[in-house]
Amino acid sequence: MRTDRRIDWDPLFRSLTLGGGLVLMLVVVAIFWELWQGSQLSLQKFGWSFLFTETWDPVSETFGAASTIYGTLLSTCIAMVLAVPLSLAIALFLVELAPPRLAAAVGAGIELLAAIPSIIYGMWGLFVFAPFMAEKVQPLLAKIPGPFFTGPPMGIGMLSAGIILALMILPFITSVTRDIFRMVPAVVKESAYGMGSTTWEVTRKVTIPYGIQGIVGACFLGLGRAIGETMAVTFVIGNRHEISASLFAAGNSIASTLANEFTEASEEIYLSSLVELGLVLFGLTLLLQLLAQWWLKRTRRRMGGGL
Amino acid sequence: MRGRSLAGRKLVDTLVRIASALAALLGLCVLGWILYVILSRGIGAINWEFFTELPAPPGMNGGGLANAIVGTLLITLLASLIGIPLGLLAGIYLAEFGGRSRLAESIRFCSNLLMGTPSIIVGVFVYGLIVVPLGDFSAWAGAIALAIIMLPVVARTTEEMLSLVPNSLREAALGLGTPRWRTTLQILFKAAGSGLVTGILLAVARVSGETAPLLFTALNSPFWFESLNEPIGNLTVTIFNYAMSPYADWQAKAWGASLLITLGVLGATLLARTTLWLRRK
(Lines give C-alpha, C1' and ligand atoms only; values in the text may rest on other atoms or scores of the structure.)
Protein backbone atom coordinates (compact mmCIF):
# COMPACT_ATOMS: atom_id res chain seq x y z
CA MET A 1 0.00 0.00 0.00
CA ARG A 2 1.25 3.38 -0.93
CA THR A 3 1.36 5.77 1.96
CA ASP A 4 0.32 9.26 1.06
CA ARG A 5 2.79 11.52 2.80
CA ARG A 6 1.35 14.70 1.43
CA ILE A 7 -0.23 16.91 4.03
CA ASP A 8 -3.97 17.31 3.77
CA TRP A 9 -4.41 21.06 3.38
CA ASP A 10 -8.18 20.96 3.09
CA PRO A 11 -9.10 21.45 6.76
CA LEU A 12 -6.71 24.40 6.90
CA PHE A 13 -8.18 25.86 3.71
CA ARG A 14 -11.69 25.48 5.07
CA SER A 15 -10.78 27.17 8.35
CA LEU A 16 -9.09 29.99 6.50
CA THR A 17 -12.16 30.70 4.43
CA LEU A 18 -14.33 30.45 7.52
CA GLY A 19 -11.95 32.93 9.13
CA GLY A 20 -12.62 35.38 6.30
CA GLY A 21 -16.34 35.03 6.92
CA LEU A 22 -15.95 35.48 10.65
CA VAL A 23 -13.92 38.67 10.16
CA LEU A 24 -16.90 40.02 8.25
CA MET A 25 -19.24 39.23 11.13
CA LEU A 26 -16.80 40.56 13.67
CA VAL A 27 -16.55 43.89 11.87
CA VAL A 28 -20.32 44.42 12.10
CA VAL A 29 -20.38 43.57 15.81
CA ALA A 30 -17.29 45.71 16.45
CA ILE A 31 -18.81 48.73 14.69
CA PHE A 32 -21.82 48.56 16.96
CA TRP A 33 -19.66 48.03 20.05
CA GLU A 34 -17.33 50.88 19.20
CA LEU A 35 -20.18 53.32 18.56
CA TRP A 36 -21.94 52.22 21.74
CA GLN A 37 -18.79 52.64 23.84
CA GLY A 38 -17.91 55.94 22.24
CA SER A 39 -21.32 57.44 22.93
CA GLN A 40 -21.50 56.44 26.61
CA LEU A 41 -20.58 59.91 27.90
CA SER A 42 -23.25 61.59 25.86
CA LEU A 43 -25.80 58.85 26.55
CA GLN A 44 -25.33 59.32 30.28
CA LYS A 45 -25.38 63.08 30.22
CA PHE A 46 -28.31 63.67 27.90
CA GLY A 47 -30.26 60.40 27.95
CA TRP A 48 -33.28 60.20 25.71
CA SER A 49 -33.61 63.97 25.51
CA PHE A 50 -30.64 63.86 23.09
CA LEU A 51 -33.01 62.72 20.38
CA PHE A 52 -35.53 65.53 20.90
CA THR A 53 -33.34 68.54 21.69
CA GLU A 54 -32.72 71.00 18.89
CA THR A 55 -29.84 72.87 20.56
CA TRP A 56 -26.40 71.97 19.25
CA ASP A 57 -24.05 74.26 21.08
CA PRO A 58 -20.39 73.29 21.51
CA VAL A 59 -19.74 76.38 23.64
CA SER A 60 -22.18 75.50 26.41
CA GLU A 61 -21.66 71.78 25.69
CA THR A 62 -25.34 71.14 25.14
CA PHE A 63 -26.03 68.73 22.34
CA GLY A 64 -29.24 67.46 20.81
CA ALA A 65 -29.79 65.46 17.66
CA ALA A 66 -33.25 66.71 16.67
CA SER A 67 -32.13 69.08 13.93
CA THR A 68 -29.76 66.59 12.34
CA ILE A 69 -32.29 63.76 12.48
CA TYR A 70 -34.88 66.09 10.98
CA GLY A 71 -32.43 67.07 8.23
CA THR A 72 -31.53 63.46 7.49
CA LEU A 73 -35.17 62.40 7.26
CA LEU A 74 -36.33 65.45 5.29
CA SER A 75 -33.55 65.31 2.70
CA THR A 76 -34.12 61.57 2.31
CA CYS A 77 -37.88 62.16 1.93
CA ILE A 78 -37.36 64.74 -0.81
CA ALA A 79 -34.97 62.35 -2.53
CA MET A 80 -37.46 59.47 -2.42
CA VAL A 81 -40.40 61.57 -3.60
CA LEU A 82 -38.38 62.61 -6.65
CA ALA A 83 -36.40 59.44 -7.33
CA VAL A 84 -39.12 56.78 -7.11
CA PRO A 85 -41.44 58.05 -9.88
CA LEU A 86 -38.47 58.99 -12.06
CA SER A 87 -36.89 55.55 -11.62
CA LEU A 88 -40.16 53.79 -12.41
CA ALA A 89 -40.56 55.91 -15.53
CA ILE A 90 -37.02 55.19 -16.69
CA ALA A 91 -37.42 51.47 -16.01
CA LEU A 92 -40.66 51.51 -18.00
CA PHE A 93 -38.85 53.22 -20.85
CA LEU A 94 -35.98 50.73 -20.78
CA VAL A 95 -38.15 47.62 -20.67
CA GLU A 96 -41.31 48.42 -22.63
CA LEU A 97 -40.66 51.35 -24.91
CA ALA A 98 -37.07 51.63 -26.10
CA PRO A 99 -35.67 49.33 -28.77
CA PRO A 100 -33.17 46.89 -27.21
CA ARG A 101 -30.02 48.64 -28.41
CA LEU A 102 -31.15 52.05 -27.23
CA ALA A 103 -32.29 50.52 -23.94
CA ALA A 104 -28.85 48.98 -23.40
CA ALA A 105 -27.09 52.28 -24.09
CA VAL A 106 -29.44 54.39 -21.97
CA GLY A 107 -29.36 51.79 -19.18
CA ALA A 108 -25.56 51.87 -19.17
CA GLY A 109 -25.61 55.67 -19.00
CA ILE A 110 -28.00 55.66 -16.04
CA GLU A 111 -25.83 53.09 -14.28
CA LEU A 112 -22.78 55.30 -14.78
CA LEU A 113 -24.53 57.85 -12.58
CA ALA A 114 -23.93 55.39 -9.75
CA ALA A 115 -20.21 55.21 -10.49
CA ILE A 116 -19.56 58.94 -10.07
CA PRO A 117 -17.97 59.45 -6.64
CA SER A 118 -20.10 61.20 -4.08
CA ILE A 119 -17.63 64.04 -3.63
CA ILE A 120 -17.97 64.85 -7.34
CA TYR A 121 -21.72 65.22 -6.86
CA GLY A 122 -20.82 67.54 -4.01
CA MET A 123 -18.50 69.74 -6.09
CA TRP A 124 -20.98 69.89 -8.93
CA GLY A 125 -23.80 70.54 -6.50
CA LEU A 126 -22.08 73.43 -4.75
CA PHE A 127 -20.58 75.22 -7.73
CA VAL A 128 -22.97 74.44 -10.57
CA PHE A 129 -26.28 73.08 -9.38
CA ALA A 130 -26.83 75.39 -6.38
CA PRO A 131 -26.36 78.59 -8.43
CA PHE A 132 -28.69 77.11 -11.07
CA MET A 133 -31.30 76.47 -8.36
CA ALA A 134 -30.88 79.96 -6.91
CA GLU A 135 -31.23 81.73 -10.24
CA LYS A 136 -33.67 79.61 -12.21
CA VAL A 137 -35.65 77.20 -10.06
CA GLN A 138 -36.14 78.73 -6.63
CA PRO A 139 -37.57 82.10 -7.84
CA LEU A 140 -40.24 80.09 -9.67
CA LEU A 141 -40.98 77.85 -6.68
CA ALA A 142 -41.16 80.86 -4.40
CA LYS A 143 -44.37 81.89 -6.16
CA ILE A 144 -46.11 78.85 -4.69
CA PRO A 145 -47.88 79.96 -1.51
CA GLY A 146 -47.34 78.13 1.78
CA PRO A 147 -44.47 77.74 4.22
CA PHE A 148 -42.36 75.35 2.15
CA PHE A 149 -40.84 77.68 -0.40
CA THR A 150 -40.07 80.78 1.60
CA GLY A 151 -36.87 82.58 2.44
CA PRO A 152 -34.02 83.80 0.29
CA PRO A 153 -33.18 81.61 -2.73
CA MET A 154 -29.62 80.74 -1.74
CA GLY A 155 -29.34 77.65 -3.88
CA ILE A 156 -27.90 75.55 -1.10
CA GLY A 157 -30.26 74.03 1.47
CA MET A 158 -32.61 71.11 2.04
CA LEU A 159 -34.21 71.13 -1.39
CA SER A 160 -30.94 71.09 -3.31
CA ALA A 161 -29.55 68.37 -1.05
CA GLY A 162 -32.69 66.30 -1.61
CA ILE A 163 -32.54 66.71 -5.39
CA ILE A 164 -28.88 65.69 -5.55
CA LEU A 165 -29.58 62.70 -3.31
CA ALA A 166 -32.40 61.75 -5.68
CA LEU A 167 -29.97 61.77 -8.61
CA MET A 168 -27.56 59.60 -6.66
CA ILE A 169 -30.08 56.89 -5.73
CA LEU A 170 -31.88 57.02 -9.08
CA PRO A 171 -29.59 54.46 -10.77
CA PHE A 172 -29.99 51.94 -7.95
CA ILE A 173 -33.78 52.00 -7.92
CA THR A 174 -33.90 52.09 -11.72
CA SER A 175 -31.72 49.05 -12.27
CA VAL A 176 -33.56 46.86 -9.74
CA THR A 177 -36.96 47.99 -11.04
CA ARG A 178 -35.85 47.32 -14.60
CA ASP A 179 -34.86 43.78 -13.67
CA ILE A 180 -38.21 43.27 -11.96
CA PHE A 181 -40.14 44.57 -14.96
CA ARG A 182 -38.21 42.12 -17.09
CA MET A 183 -39.12 39.25 -14.80
CA VAL A 184 -42.84 39.64 -15.31
CA PRO A 185 -43.74 36.68 -17.54
CA ALA A 186 -44.51 37.73 -21.10
CA VAL A 187 -47.66 35.60 -21.11
CA VAL A 188 -49.23 37.67 -18.36
CA LYS A 189 -48.56 40.90 -20.20
CA GLU A 190 -49.59 39.50 -23.56
CA SER A 191 -52.95 38.44 -22.26
CA ALA A 192 -53.61 42.00 -21.17
CA TYR A 193 -52.41 43.38 -24.50
CA GLY A 194 -54.64 40.83 -26.20
CA MET A 195 -57.63 42.38 -24.49
CA GLY A 196 -56.71 45.68 -26.11
CA SER A 197 -54.96 47.39 -23.21
CA THR A 198 -52.50 50.18 -23.89
CA THR A 199 -48.90 49.96 -22.68
CA TRP A 200 -49.65 52.22 -19.74
CA GLU A 201 -52.66 50.14 -18.71
CA VAL A 202 -50.62 46.96 -18.85
CA THR A 203 -47.91 48.60 -16.75
CA ARG A 204 -50.30 50.03 -14.19
CA LYS A 205 -52.61 47.06 -13.85
CA VAL A 206 -50.34 44.08 -14.56
CA THR A 207 -46.60 44.81 -14.42
CA ILE A 208 -46.51 47.06 -11.34
CA PRO A 209 -48.91 44.97 -9.21
CA TYR A 210 -47.00 41.84 -10.22
CA GLY A 211 -43.65 43.30 -9.24
CA ILE A 212 -44.77 45.62 -6.44
CA GLN A 213 -42.92 43.71 -3.74
CA GLY A 214 -39.66 43.90 -5.60
CA ILE A 215 -40.17 47.57 -6.38
CA VAL A 216 -40.78 48.33 -2.71
CA GLY A 217 -37.61 46.38 -1.89
CA ALA A 218 -35.68 48.47 -4.40
CA CYS A 219 -37.02 51.63 -2.78
CA PHE A 220 -35.83 50.42 0.63
CA LEU A 221 -32.35 49.92 -0.78
CA GLY A 222 -32.38 53.41 -2.28
CA LEU A 223 -33.66 54.82 0.99
CA GLY A 224 -30.84 53.12 2.92
CA ARG A 225 -28.32 54.67 0.61
CA ALA A 226 -29.82 58.16 0.75
CA ILE A 227 -29.98 58.24 4.53
CA GLY A 228 -26.25 57.68 5.00
CA GLU A 229 -24.93 59.63 2.02
CA THR A 230 -22.34 62.06 3.25
CA MET A 231 -20.15 64.11 0.94
CA ALA A 232 -22.72 65.31 -1.59
CA VAL A 233 -25.05 66.39 1.19
CA THR A 234 -22.28 68.07 3.18
CA PHE A 235 -21.49 70.36 0.27
CA VAL A 236 -24.99 71.62 -0.40
CA ILE A 237 -27.16 71.26 2.71
CA GLY A 238 -25.82 74.45 4.30
CA ASN A 239 -24.72 73.19 7.71
CA ARG A 240 -27.03 74.93 10.13
CA HIS A 241 -28.37 73.28 13.27
CA GLU A 242 -31.91 74.55 13.06
CA ILE A 243 -35.25 73.14 12.09
CA SER A 244 -37.13 75.18 9.54
CA ALA A 245 -40.30 74.47 7.60
CA SER A 246 -38.93 76.03 4.44
CA LEU A 247 -37.20 73.70 2.01
CA PHE A 248 -35.00 76.60 0.94
CA ALA A 249 -33.50 76.84 4.41
CA ALA A 250 -30.08 75.49 5.23
CA GLY A 251 -30.02 72.46 7.48
CA ASN A 252 -27.87 69.55 8.48
CA SER A 253 -27.94 65.80 8.28
CA ILE A 254 -26.31 63.35 10.66
CA ALA A 255 -23.72 62.37 8.08
CA SER A 256 -22.87 65.97 7.13
CA THR A 257 -22.52 66.97 10.80
CA LEU A 258 -20.07 64.13 11.33
CA ALA A 259 -18.09 65.08 8.23
CA ASN A 260 -17.88 68.73 9.23
CA GLU A 261 -17.34 68.59 12.97
CA PHE A 262 -15.68 65.30 13.85
CA THR A 263 -12.09 66.48 13.54
CA GLU A 264 -12.91 69.77 15.27
CA ALA A 265 -14.44 68.22 18.36
CA SER A 266 -11.96 68.90 21.11
CA GLU A 267 -14.04 68.29 24.24
CA GLU A 268 -14.84 64.71 25.14
CA ILE A 269 -18.56 65.32 25.46
CA TYR A 270 -18.62 66.96 22.00
CA LEU A 271 -16.90 63.96 20.44
CA SER A 272 -19.12 61.56 22.35
CA SER A 273 -22.25 63.36 21.12
CA LEU A 274 -20.99 63.07 17.56
CA VAL A 275 -20.38 59.36 18.04
CA GLU A 276 -23.91 59.05 19.40
CA LEU A 277 -25.14 60.73 16.21
CA GLY A 278 -23.24 58.00 14.38
CA LEU A 279 -24.96 55.41 16.53
CA VAL A 280 -28.36 56.87 15.64
CA LEU A 281 -27.48 56.80 11.94
CA PHE A 282 -26.16 53.25 12.21
CA GLY A 283 -29.39 52.26 13.98
CA LEU A 284 -31.49 53.89 11.27
CA THR A 285 -29.65 52.18 8.41
CA LEU A 286 -29.67 48.87 10.29
CA LEU A 287 -33.42 49.09 10.69
CA LEU A 288 -33.87 49.87 7.00
CA GLN A 289 -31.53 47.05 5.97
CA LEU A 290 -33.40 44.58 8.14
CA LEU A 291 -36.70 45.70 6.65
CA ALA A 292 -35.30 45.57 3.13
CA GLN A 293 -33.79 42.12 3.54
CA TRP A 294 -36.87 40.69 5.16
CA TRP A 295 -38.97 42.14 2.38
CA LEU A 296 -36.67 40.98 -0.42
CA LYS A 297 -36.60 37.48 1.03
CA ARG A 298 -40.39 37.37 0.95
CA THR A 299 -40.32 38.68 -2.60
CA ARG A 300 -37.72 36.19 -3.72
CA ARG A 301 -39.83 33.36 -2.42
CA ARG A 302 -42.82 34.72 -4.29
CA MET A 303 -41.10 35.51 -7.56
CA GLY A 304 -38.95 32.40 -7.56
CA GLY A 305 -35.33 33.49 -7.49
CA GLY A 306 -33.45 35.65 -9.92
CA LEU A 307 -33.41 38.69 -7.68
CA MET B 1 -61.47 48.86 -19.80
CA ARG B 2 -64.25 50.49 -17.80
CA GLY B 3 -66.08 52.48 -20.44
CA ARG B 4 -63.50 55.23 -20.96
CA SER B 5 -63.18 56.50 -24.44
CA LEU B 6 -60.55 54.94 -26.61
CA ALA B 7 -59.14 58.34 -27.50
CA GLY B 8 -58.79 59.23 -23.80
CA ARG B 9 -56.98 56.00 -23.01
CA LYS B 10 -54.65 56.47 -25.94
CA LEU B 11 -53.93 60.02 -24.91
CA VAL B 12 -52.97 58.92 -21.38
CA ASP B 13 -50.80 56.19 -22.83
CA THR B 14 -49.00 58.61 -25.12
CA LEU B 15 -48.46 61.06 -22.27
CA VAL B 16 -46.94 58.32 -20.12
CA ARG B 17 -44.69 57.24 -22.97
CA ILE B 18 -43.47 60.78 -23.46
CA ALA B 19 -42.96 61.25 -19.71
CA SER B 20 -40.92 58.08 -19.37
CA ALA B 21 -38.75 58.95 -22.36
CA LEU B 22 -38.22 62.39 -20.85
CA ALA B 23 -37.25 60.82 -17.53
CA ALA B 24 -34.60 58.72 -19.25
CA LEU B 25 -33.41 61.77 -21.13
CA LEU B 26 -33.22 63.73 -17.87
CA GLY B 27 -31.01 61.03 -16.32
CA LEU B 28 -28.66 61.12 -19.30
CA CYS B 29 -28.61 64.92 -19.31
CA VAL B 30 -27.55 65.01 -15.67
CA LEU B 31 -24.77 62.54 -16.42
CA GLY B 32 -23.68 64.64 -19.39
CA TRP B 33 -23.94 67.85 -17.38
CA ILE B 34 -21.74 66.55 -14.56
CA LEU B 35 -19.16 65.07 -16.92
CA TYR B 36 -19.08 68.24 -19.01
CA VAL B 37 -18.59 70.48 -15.97
CA ILE B 38 -15.81 68.34 -14.58
CA LEU B 39 -14.04 68.13 -17.90
CA SER B 40 -14.32 71.81 -18.79
CA ARG B 41 -13.36 73.10 -15.34
CA GLY B 42 -10.82 70.43 -14.52
CA ILE B 43 -8.80 70.34 -17.69
CA GLY B 44 -7.30 73.80 -17.09
CA ALA B 45 -5.80 72.75 -13.76
CA ILE B 46 -4.04 69.72 -15.18
CA ASN B 47 -0.46 70.36 -16.16
CA TRP B 48 2.98 68.97 -15.49
CA GLU B 49 3.27 70.65 -12.08
CA PHE B 50 -0.06 69.18 -11.05
CA PHE B 51 1.49 65.72 -11.17
CA THR B 52 4.97 66.50 -9.93
CA GLU B 53 4.87 69.21 -7.26
CA LEU B 54 3.69 69.49 -3.70
CA PRO B 55 0.79 71.82 -2.84
CA ALA B 56 1.63 75.51 -2.51
CA PRO B 57 1.00 77.19 0.85
CA PRO B 58 -2.52 78.61 1.35
CA GLY B 59 -3.23 81.62 -0.82
CA MET B 60 -0.24 81.12 -3.10
CA ASN B 61 -0.66 80.03 -6.69
CA GLY B 62 1.11 77.15 -8.35
CA GLY B 63 2.22 73.83 -6.97
CA GLY B 64 0.60 70.49 -7.57
CA LEU B 65 -0.98 67.51 -5.91
CA ALA B 66 1.73 64.91 -6.46
CA ASN B 67 1.62 63.72 -2.86
CA ALA B 68 -2.17 63.37 -2.90
CA ILE B 69 -2.12 61.38 -6.13
CA VAL B 70 0.48 59.01 -4.75
CA GLY B 71 -1.38 58.89 -1.42
CA THR B 72 -4.68 57.90 -3.03
CA LEU B 73 -2.96 55.18 -5.05
CA LEU B 74 -1.13 53.93 -1.97
CA ILE B 75 -4.19 53.86 0.31
CA THR B 76 -6.24 52.12 -2.36
CA LEU B 77 -3.45 49.58 -2.90
CA LEU B 78 -3.11 48.85 0.82
CA ALA B 79 -6.89 48.59 1.18
CA SER B 80 -6.99 46.14 -1.71
CA LEU B 81 -4.22 44.05 -0.16
CA ILE B 82 -6.29 43.72 3.01
CA GLY B 83 -9.82 43.71 1.66
CA ILE B 84 -9.54 41.50 -1.42
CA PRO B 85 -8.00 38.36 0.17
CA LEU B 86 -10.37 38.52 3.14
CA GLY B 87 -13.33 39.07 0.84
CA LEU B 88 -12.28 36.21 -1.40
CA LEU B 89 -11.94 33.88 1.59
CA ALA B 90 -15.35 34.84 2.94
CA GLY B 91 -16.89 34.42 -0.53
CA ILE B 92 -15.30 30.98 -0.95
CA TYR B 93 -16.65 29.92 2.42
CA LEU B 94 -20.15 31.07 1.52
CA ALA B 95 -20.15 29.40 -1.90
CA GLU B 96 -18.22 26.21 -1.22
CA PHE B 97 -18.55 25.27 2.44
CA GLY B 98 -21.25 27.28 4.16
CA GLY B 99 -24.24 26.40 2.05
CA ARG B 100 -27.49 27.11 3.84
CA SER B 101 -26.11 26.51 7.33
CA ARG B 102 -27.04 28.93 10.08
CA LEU B 103 -23.48 30.24 10.33
CA ALA B 104 -23.28 30.92 6.60
CA GLU B 105 -26.66 32.64 6.67
CA SER B 106 -25.46 34.88 9.52
CA ILE B 107 -22.32 35.77 7.58
CA ARG B 108 -24.44 36.57 4.51
CA PHE B 109 -26.68 38.68 6.67
CA CYS B 110 -23.76 40.60 8.18
CA SER B 111 -22.29 41.08 4.73
CA ASN B 112 -25.54 42.69 3.58
CA LEU B 113 -25.63 44.87 6.68
CA LEU B 114 -22.06 45.99 6.13
CA MET B 115 -22.81 46.73 2.49
CA GLY B 116 -25.60 49.06 3.60
CA THR B 117 -23.60 50.73 6.35
CA PRO B 118 -22.83 54.36 5.45
CA SER B 119 -19.14 54.81 4.74
CA ILE B 120 -18.88 57.66 7.22
CA ILE B 121 -19.86 55.24 10.00
CA VAL B 122 -16.93 53.05 8.97
CA GLY B 123 -14.76 56.16 9.31
CA VAL B 124 -16.00 56.82 12.84
CA PHE B 125 -15.45 53.16 13.70
CA VAL B 126 -11.87 53.04 12.46
CA TYR B 127 -11.19 56.35 14.21
CA GLY B 128 -12.16 54.78 17.53
CA LEU B 129 -10.50 51.46 16.77
CA ILE B 130 -7.15 52.62 15.40
CA VAL B 131 -6.64 56.38 15.36
CA VAL B 132 -7.42 56.94 19.05
CA PRO B 133 -5.30 54.07 20.45
CA LEU B 134 -2.34 54.87 18.19
CA GLY B 135 -2.68 58.58 18.77
CA ASP B 136 -2.45 59.75 15.18
CA PHE B 137 -4.24 59.70 11.87
CA SER B 138 -2.48 57.35 9.50
CA ALA B 139 -2.35 55.80 6.07
CA TRP B 140 -3.01 52.45 7.70
CA ALA B 141 -6.21 53.64 9.31
CA GLY B 142 -7.43 54.98 5.97
CA ALA B 143 -6.56 51.75 4.22
CA ILE B 144 -8.35 49.65 6.84
CA ALA B 145 -11.47 51.79 6.57
CA LEU B 146 -11.53 51.34 2.80
CA ALA B 147 -10.80 47.62 3.18
CA ILE B 148 -13.87 47.26 5.41
CA ILE B 149 -15.97 48.89 2.69
CA MET B 150 -14.53 46.55 0.04
CA LEU B 151 -14.91 43.41 2.13
CA PRO B 152 -18.64 42.69 1.69
CA VAL B 153 -18.58 43.73 -1.99
CA VAL B 154 -15.77 41.31 -2.82
CA ALA B 155 -17.31 38.55 -0.68
CA ARG B 156 -20.67 38.82 -2.40
CA THR B 157 -19.20 38.92 -5.94
CA THR B 158 -17.00 35.92 -5.15
CA GLU B 159 -19.95 33.94 -3.85
CA GLU B 160 -22.09 34.87 -6.85
CA MET B 161 -19.40 34.06 -9.40
CA LEU B 162 -18.44 30.76 -7.77
CA SER B 163 -22.04 29.64 -7.53
CA LEU B 164 -22.39 30.25 -11.28
CA VAL B 165 -19.74 27.59 -11.96
CA PRO B 166 -21.56 24.33 -12.78
CA ASN B 167 -21.40 21.66 -10.11
CA SER B 168 -20.25 19.03 -12.59
CA LEU B 169 -16.90 20.82 -12.78
CA ARG B 170 -16.46 20.53 -9.01
CA GLU B 171 -17.50 16.89 -9.03
CA ALA B 172 -15.15 16.07 -11.89
CA ALA B 173 -12.17 17.65 -10.15
CA LEU B 174 -12.94 16.18 -6.74
CA GLY B 175 -13.63 12.80 -8.34
CA LEU B 176 -10.13 12.80 -9.79
CA GLY B 177 -8.78 13.19 -6.29
CA THR B 178 -7.94 16.88 -6.50
CA PRO B 179 -7.96 18.39 -3.03
CA ARG B 180 -10.67 20.88 -2.28
CA TRP B 181 -8.34 23.89 -2.02
CA ARG B 182 -6.78 23.11 -5.34
CA THR B 183 -10.17 22.58 -6.96
CA THR B 184 -11.31 25.97 -5.73
CA LEU B 185 -8.21 28.00 -6.38
CA GLN B 186 -7.12 26.48 -9.66
CA ILE B 187 -10.20 25.14 -11.37
CA LEU B 188 -13.16 27.12 -10.06
CA PHE B 189 -11.28 30.43 -9.97
CA LYS B 190 -10.21 29.85 -13.54
CA ALA B 191 -13.77 29.18 -14.61
CA ALA B 192 -15.11 32.21 -12.72
CA GLY B 193 -12.02 34.28 -13.49
CA SER B 194 -13.19 37.25 -15.54
CA GLY B 195 -16.28 37.71 -13.37
CA LEU B 196 -14.17 37.76 -10.24
CA VAL B 197 -11.70 40.21 -11.71
CA THR B 198 -14.41 42.61 -12.85
CA GLY B 199 -16.18 42.39 -9.49
CA ILE B 200 -12.97 43.22 -7.68
CA LEU B 201 -12.22 46.02 -10.13
CA LEU B 202 -15.63 47.55 -9.40
CA ALA B 203 -14.97 47.33 -5.66
CA VAL B 204 -11.55 48.98 -6.02
CA ALA B 205 -12.98 51.69 -8.28
CA ARG B 206 -15.70 52.39 -5.74
CA VAL B 207 -13.44 52.83 -2.74
CA SER B 208 -10.86 54.88 -4.63
CA GLY B 209 -13.47 57.64 -4.91
CA GLU B 210 -14.49 57.46 -1.25
CA THR B 211 -14.03 60.53 0.91
CA ALA B 212 -16.06 60.20 4.07
CA PRO B 213 -14.14 57.27 5.62
CA LEU B 214 -10.83 59.04 5.01
CA LEU B 215 -11.80 62.26 6.77
CA PHE B 216 -11.03 60.90 10.23
CA THR B 217 -8.62 58.12 9.37
CA ALA B 218 -6.02 59.14 6.80
CA LEU B 219 -6.88 62.82 7.24
CA ASN B 220 -4.75 64.72 4.73
CA SER B 221 -1.33 66.26 4.48
CA PRO B 222 0.37 68.79 2.22
CA PHE B 223 3.69 66.94 2.45
CA TRP B 224 5.21 63.70 1.26
CA PHE B 225 4.59 60.88 3.69
CA GLU B 226 7.53 59.39 5.53
CA SER B 227 5.81 56.41 7.07
CA LEU B 228 2.44 54.73 6.94
CA ASN B 229 1.80 55.74 10.54
CA GLU B 230 1.19 59.38 9.80
CA PRO B 231 -1.51 61.41 8.04
CA ILE B 232 -1.24 61.05 4.31
CA GLY B 233 -2.35 63.30 1.46
CA ASN B 234 -5.10 61.96 -0.77
CA LEU B 235 -7.16 63.33 -3.63
CA THR B 236 -10.69 63.10 -2.28
CA VAL B 237 -10.08 64.83 1.05
CA THR B 238 -8.00 67.40 -0.83
CA ILE B 239 -11.00 68.05 -3.08
CA PHE B 240 -13.16 68.52 0.01
CA ASN B 241 -10.76 70.96 1.66
CA TYR B 242 -9.86 72.87 -1.49
CA ALA B 243 -13.42 73.19 -2.76
CA MET B 244 -14.52 74.70 0.56
CA SER B 245 -11.56 77.09 0.62
CA PRO B 246 -11.82 80.75 -0.48
CA TYR B 247 -8.80 80.58 -2.83
CA ALA B 248 -9.55 80.49 -6.55
CA ASP B 249 -6.37 78.56 -7.29
CA TRP B 250 -7.25 75.87 -4.76
CA GLN B 251 -10.76 75.57 -6.17
CA ALA B 252 -9.27 75.14 -9.64
CA LYS B 253 -7.03 72.39 -8.27
CA ALA B 254 -10.06 70.73 -6.70
CA TRP B 255 -11.66 70.58 -10.17
CA GLY B 256 -8.45 69.13 -11.57
CA ALA B 257 -8.42 66.48 -8.86
CA SER B 258 -12.11 65.77 -9.52
CA LEU B 259 -11.34 65.22 -13.18
CA LEU B 260 -8.56 62.82 -12.30
CA ILE B 261 -10.66 60.82 -9.83
CA THR B 262 -13.67 60.72 -12.14
CA LEU B 263 -11.55 59.55 -15.08
CA GLY B 264 -10.02 56.85 -12.90
CA VAL B 265 -13.26 55.61 -11.37
CA LEU B 266 -15.38 55.85 -14.53
CA GLY B 267 -12.59 54.30 -16.59
CA ALA B 268 -12.28 51.32 -14.26
CA THR B 269 -16.06 50.94 -14.07
CA LEU B 270 -16.47 51.06 -17.83
CA LEU B 271 -13.66 48.57 -18.28
CA ALA B 272 -15.21 46.20 -15.74
CA ARG B 273 -18.69 46.52 -17.23
CA THR B 274 -17.59 45.94 -20.81
CA THR B 275 -15.64 42.83 -19.83
CA LEU B 276 -18.68 41.49 -17.99
CA TRP B 277 -20.86 42.38 -20.95
CA LEU B 278 -18.51 40.77 -23.48
CA ARG B 279 -18.38 37.67 -21.34
CA ARG B 280 -22.15 37.38 -21.26
CA LYS B 281 -22.36 37.52 -25.03
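Quick look at the structure, then. (Residues numbered from 1 in each chain as written. Chains lettered and ligands numbered in written order. Predicted model: local features only at pLDDT ≥ 70, side-chain atom pairs only at ≥ 80, totals over all residues. Heavy atoms only, no water.)

1. Quick word on unusual backbone geometry
Phi at Asn239(A) takes a positive value of approximately 55°, unusual for a residue other than glycine. Its location among the elements puts Asn239(A) in the loop between helix 10 (231-236) and helix 11 (254-261). With phi around 55°, Leu219(B) is a residue other than glycine that occupies positive phi space. By the secondary structure assignment, Leu219(B) is in the loop between helix 9 (212-215) and helix 10 (235-243). (Helix = DSSP H or I, 4+ residues; strand = E, 2+ residues; numbered from the N terminus.)

2. Focus: the interface of chain B and chain A
A common measure of how large an interface is: the accessible area buried when the components associate. Opposite the 78 residues of chain B that make contact, chain A presents 75 residues. Here chain B meets chain A over a buried area of about 7,100 Å², counting both sides, of which 80% is carbon and sulfur. At the boundary of chain B and chain A, one finds two salt bridges. Note that Arg273(B) is salt-bridged to Glu111(A), the shortest N-O span being 3.4 Å. Summed over the shared surface of chain B and chain A, the number is eight residue pairs in polar contact (both at pLDDT 80 or more). With 19 residues, the top contributor of residues to the side of chain B that touches chain A is helix 1 (residues 6-42) of chain B. Here the side of chain B that touches chain A is composed, by residue class, of 54 nonpolar, 16 polar and eight charged. (Contact = heavy atoms within 4.5 Å. Buried area = accessible area lost by both parts, 1.4 Å probe. Salt bridge = Lys/Arg side-chain N within 4 Å of Asp/Glu carboxyl O. Polar contact = N/O pair within 3.5 Å; in protein donor to acceptor, adjacent residues only side chain to side chain. Nonpolar A, V, L, I, M, F, W, Y, C, P; charged D, E, K, R; others polar.)

3. Looking at the nonpolar core
Membership of the largest hydrophobic core comes to 173 residues, with the highest contact counts inside it found for Tyr121(A), Trp124(A) and Ile120(B). Sort the elements by how many residues they give to this core and helix 6 (residues 139-164) of chain B lands first, with 15 residues. Taken domain by domain, this core gets at least three of its residues from each of domain 1 (6-45) and domain 2 (48-280) of chain B. Those residues within four positions of Ile120(B) in sequence are excluded, and the remaining contacts are Thr230(A), Ala255(A), Leu258(A), Ala259(A), Leu281(A), Ala212(B) and Phe216(B). (Core = buried A, V, L, I, M, F, W, Y, C linked by side-chain atoms within 4.5 Å. Buried < 20%, exposed > 50% of the residue type's maximum accessible area, 1.4 Å probe, protein only. Domains from an automatic or database assignment.)

4. Brief notes about the pattern of salt bridges
Any two side chains of opposite charge can pair, on the condition that their charged atoms come close. With the rule as written, the count across this model stands at 14 salt bridges over all chains. Residue Arg206(B) pairs with Glu210(B) through a salt bridge whose shortest N-O separation is 3.3 Å. For Arg206(B), a relative accessible area of 35% gives the class partly exposed. Taking the relative accessible area as the measure of exposure, Glu210(B) reaches 11% and is therefore buried. The network of salt bridges with common partners includes Glu111(A), Arg178(A), Asp179(A) and Arg273(B).

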